[in-house]
Structures are given as C-alpha cells and as structure tokens.
Amino acid sequence: RSKTARAQQLRAEGEQLQNQKRYQEAMDRYRQSLSLVPDKALADHVTRMGRELARKDEQKARADRLWSEGTASLKASRPEEALSRFKESVRTWPDQTRSAYVADLERRKAAAQRLRNEGAALQRQNRPAEAISRYRESLGYWPDTALDSHIARLEAAAKKAAVRAPVTPVTQAP
C-alpha cells in the first residue's frame, strides 16, 4: 500500500475517533497521518485540537481544585464557603454527580433555614424549649456555629429562669 493510502486511512480513523469525542486518540491518528503525508490544514487542525484539549484540561483541574477547597471548607464547618466553592466548581466544569450534590446541599440549607425561622417564631412567642428543639433540628441539616452559641445562651437563660421560678406546692385533688 502506498503512504498516501495509509495516511488517508489514518486520517479517516482520526475523524471517526473525533466524532466519538475520543480526541486524544484522534490527534494521535492525525499525527500518524501527517508523518506519512504532510498536510498544512490537518496540521493546523491538530494544533487547534491540542490547544482546546489543554484549555479543557485546565478547566477540569480548576474545577477539581475548587471542589477540594469546598470539601475542606465543609470539613472545617464552613458550609457557606463550601457551597460557594462547589457551585463555582460545577460552573467551571459541569458534572451531573457534583451538580446533584450541590442541589442536595441547597435543599438541606433551605430546610435548615425553614427550621431556624420556626425556632425564631417560637422564641418570639416565649416558647424557648420548642425554639431550641427547632434550632437543634436545623443544625442536623446545616451546621452553624453562631446558632450553636445562640442555643447555649437560650439554654443558660432557661436554666436561670427555672432556678429563680418559685416552686409552687402540688396539691392533690380531694
């Protein structure tokens, strides 16, 4: 077989691989073709493909770095910062699994906020025990050190109030 026929075959294989989104393999076939028969248009195409792949690799690496930062923030009990990093990661490199995780975190955050709002309403109604319960339930969905501190202050105030409250004797019904 002639070099030209082999080069055409390699180029056709490269095109097929490129259509299958197997870009690195396609570029390898194109380069093999170019080593047999030079073709400026194909060489330019391979150069552009290489630049695009490098750009995508950089994007993916940035997304992975952001995801790692988000994971570290979550482990350090900084969920807002974590969520921000996770969202930026998904914007940088869309990923179905990571997007689902972000959506789950947003649902958890919303559930926590709803419970915090309920707790605040109960607190305004002077029902501290119920408020504390809602606040604690909220923490199960979304950690918040400020809310932890608020709960501790409410519990301390409730304990002081219980100590100061006069004890009324319990009488039995006749």
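Let me begin by describing the structure that accompanies this report. Treat the numbers as computed from the prediction; the structure is a model and nothing was measured. (Residues numbered from 1 in each chain as written. Predicted model: local features only at pLDDT ≥ 70, side-chain atom pairs only at ≥ 80, totals over all residues. Heavy atoms only, no water.)

Let's shift gears to the environment of Ile-132. Here Ile-132 is to be found in helix 6 (residues 128-141). On the basis of relative accessible area, Ile-132 is assigned to the buried category, the value being 10%. Taking C-alpha positions, Ile-132 is 19 Å from Arg-108, a pair spaced 24 residues apart along the chain. Residues within four places of Ile-132 in sequence aside, it is in contact with Ile-151, Leu-154 and Glu-155. (Helix = DSSP H or I, 4+ residues; strand = E, 2+ residues; numbered from the N terminus. Buried < 20%, exposed > 50% of the residue type's maximum accessible area, 1.4 Å probe, protein only. Contact = heavy atoms within 4.5 Å.)

In this model helix 3 (residues 40-75) runs 52 Å from its N-terminal to its C-terminal C-alpha over 36 residues, within 8% of the 52 Å that 1.5 Å per residue would give. Looking only at helix 3, the buried set comprises Leu-42, Val-46, Met-49, Leu-53, Ala-63, Leu-66, Trp-67, Gly-70 and Ser-73. Packed against the buried residues of helix 3 are helix 1 (3-19), helix 2 (23-36), helix 4 (79-92) and helix 5 (96-124). Here helix 3 starts with a cap whose side-chain oxygen sits 3.0 Å from the backbone nitrogen of Ala-41, and that cap is Asp-39. Looking one or two places after helix 3, you find Ser-77, whose phi comes out positive at around 60°. (Expected span 1.5 Å × (residues − 1). Polar contact = N/O pair within 3.5 Å; in protein donor to acceptor, adjacent residues only side chain to side chain.)

On to the packing of helix 2 against helix 3. Packed helix pairs are specified by the crossing angle of their axes together with the interaxial distance, meaning the distance between the axes. Running from N to C, helix 2 and helix 3 cross one another at 155°; their axes reach a closest spacing of 10 Å. With respect to each other, helix 2 and helix 3 are oriented roughly antiparallel. Crossing of helix 2 against helix 3: the hand is left-handed. Facing helix 2, whose interface residues are Tyr-23, Gln-24, Ala-26, Met-27, Tyr-30, Arg-31, Ser-33 and Leu-34, helix 3 presents Leu-42, Ala-43, His-45, Val-46, Met-49, Gly-50 and Leu-53. For the contact of helix 2 with helix 3, the class distribution of residues is ten nonpolar, four polar and one charged. (Axes fitted to C-alpha atoms, helices over the stretch in contact; angles between N-to-C directions. Parallel < 35°, antiparallel > 145°, perpendicular 65-115°, else oblique. Left-handed = near helix turned anticlockwise from the far one by under 90°. Nonpolar A, V, L, I, M, F, W, Y, C, P; charged D, E, K, R; others polar.)

Phi at Lys-21 is positive, roughly 65°, even though this residue is not glycine. For Lys-21, the position within the fold is in the loop between helix 1 and helix 2. Residue Lys-21 is classed as exposed on the basis of its relative accessible area, which comes to 59%. Residue Ser-77 is not a glycine yet carries a positive backbone phi of 60°. With respect to the element layout, Ser-77 can be found in the loop between helix 3 and helix 4.

Scope: geometric values only; no functional claims are made or implied.
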